[in-house]
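A closer look at the structure
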Amino acid sequence: MPLVDMQPRQIRIVILSNAGGCGKSTLASHLAYLLARKKNTVVLFDLDPQGSLSVFCGLEEPDDYKQTISFVFDEEFDGQWRFKPVWTEYESKILACQSELISLLREAKSLEKQARAEYRLKDRLEDYPLAQDILIFDCPTTLGILSVNALAASTHILIPVQLAAKSVDGMTKLIDWIYKSCDELRLKPVPKIIGVIPNLYEAKRAGHRNFDAVLRKILREEQLKYFPPIRNTSELENASTRGKPLHVHRPTHKACQDFEPIVTEIIEYLKQ
Ligand SMILES: Nc1ncnc2c1ncn2[C@@H]1O[C@H](COP(=O)(O)OP(=O)(O)O)[C@@H](O)[C@H]1O
Ligand SMILES: [Mg+2]
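Now for a quick tour of the structure. (Residues numbered from 1 in each chain as written. Chains lettered and ligands numbered in written order. Predicted model: local features only at pLDDT ≥ 70, side-chain atom pairs only at ≥ 80, totals over all residues.)

**Quick word on the overall build of the protein chain**
Just so we agree on the cut-off: Under the DSSP-based scheme used, a helix requires at least four consecutive residues in state H or I and a strand at least two consecutive residues in state E, with every element numbered from the N terminus. Each radius of gyration reported is based on C-alpha atoms, and the globular scaling rule is 2.2 Å times the count of residues to the power 0.38.
A count of helical and extended segments in the protein chain gives 11 helices and seven strands. Against the globule reference of 19 Å for 272 residues, the protein chain gives a C-alpha radius of gyration of 18 Å, in line with a compact fold.

**Some details on the sheet that holds strand S1 (residues 11-15)**
The criterion, for reference: Strands are labelled as partners when DSSP assigns at least two bridges between them. Throughout, a residue-residue contact means that the two C-beta atoms, derived from backbone geometry, are no farther apart than 7 Å. Note on geometry: axes are lines fitted to C-alpha atoms, helical ones only across the stretch in contact, with angles between N-to-C directions running from 0 to 180 degrees.
If you walk across this open sheet you meet the seven strands as S3-S4-S2-S5-S1-S6-S7, and the pairing is mixed. Of all strands in the sheet, those with a lone pairing partner are strand S3 (84-85) and strand S7 (192-199), marking the two edges. The sheet contact formed by strand S2 (residues 42-46) and strand S4 (residues 94-97) spans four bridges and is parallel. From the neighbouring strand, Leu44 faces S4, where its bridge partner is Ala96. Strand contacts of helix H1 (residues 24-37): S1, S2, S4, strand S5 (134-138), strand S6 (156-162) and S7, with the helix running at about 165° to S5, the strand carrying the most contacts.

**With respect to the site of ligand 1**
Note the cut-off: By definition, a residue lies near a molecule or strand provided its backbone-derived C-beta atom is within 6 Å of it. Note on residue categories: nonpolar means Ala, Val, Leu, Ile, Met, Phe, Trp, Tyr, Cys or Pro, charged means Asp, Glu, Lys or Arg, and polar means any other residue, Gly included.
Taken together, 17 residues lie near ligand 1, and Gly23, Lys24, Ser25, Thr26 and Glu237 sit nearest. Those elements giving two or more residues to the shell around ligand 1 turn out to be H1 and helix H9 (234-241). Of the residues assigned to the shell around ligand 1, the class counts are four nonpolar, 11 polar and two charged.

**Focus on the packing of helix H7 (residues 165-184) against helix H8 (residues 206-221)**
This is how the line gets drawn: Should an angle fall under 35 degrees it is called roughly parallel, over 145 degrees roughly antiparallel, and 65 to 115 degrees roughly perpendicular, with every other angle called oblique. Each crossing gets its handedness from the near helix: less than a right angle anticlockwise from the far helix is left-handed, clockwise is right-handed.
Contact geometry for H7 and H8: axes closest at 10 Å, N-to-C directions at 20°. Taken together, the axes of H7 and H8 lie roughly parallel to each other. In this structure, H7 crosses over H8, and the sense of that crossing is right-handed. Residues Ser167, Val168, Met171 and Thr172 of H7 pack against Phe211, Val214, Leu215 and Ile218 of H8. Residues of the contact of H7 with H8, tallied by class, amount to six nonpolar, two polar and no charged.

Just geometry here; none of it tells us what the structure is for.
Structural data, given as structure tokens:
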């Protein structure tokens, strides 16, 4: 009889979109907080040179290059993960690998000329495994080598979207890109699209209700999950600017509930 595989399951979620400002980093930081609150250990990877995730997590700029995601991509990486703890005042289970603009742009450029460029992050995680339950990759808006690395290293995909005319076309193109890239990268198993999340939703706006319905229909045809929307509220932006999750900044705010269906779904995947 083969021994039962006791290796705990690790979920690696890439947050992808081909539109800026639709809430990738907001989603990354809030999911990390909520999943940690449910006793999961989480590592947040910021693959966006803009580094908003650091701001949203209330972190100072990284003081050592070796603490950044750039060093993970660097040929000189020594296999030592040097994460920073996040929100230790109220959570002890979140760590972050921060980004730094100049060095990350440099590494991304140099990576293009190296072997297995698309698999550098995946290879690192295989060579130097992490014990945490959930890894979250926050990506830049451009679907370049950094996003491709995150996709190749992922097991699951989340797609936030803003409700606008261009989102409908953008969404179909992004899903095509994901399928095509998974195929070209020969990812096995193919990362699972957990679902699409409409963000910055305003129920009062007919346009939002209309695009919400259109996207819901497209996603049903694609047999992909379409989550209930996350509402547009300045308190979410205020919380992130202050480096806190909304759930700490305004614990009773209605929008706190908007993340729950996504968290529940991720926890279901963790159990499988
Ligand atoms: N539901 C929301 N309501 C209000 N502001 C939001 C919401 N989601 C995101 N934001 C704000 O919109 C801006 C872009 O969000 P961000 O998460 O940085 O997007 P991305 O990472 O996709 O570029 C940020 O200022 C963020 O605080
Ligand atoms: Mg971002």
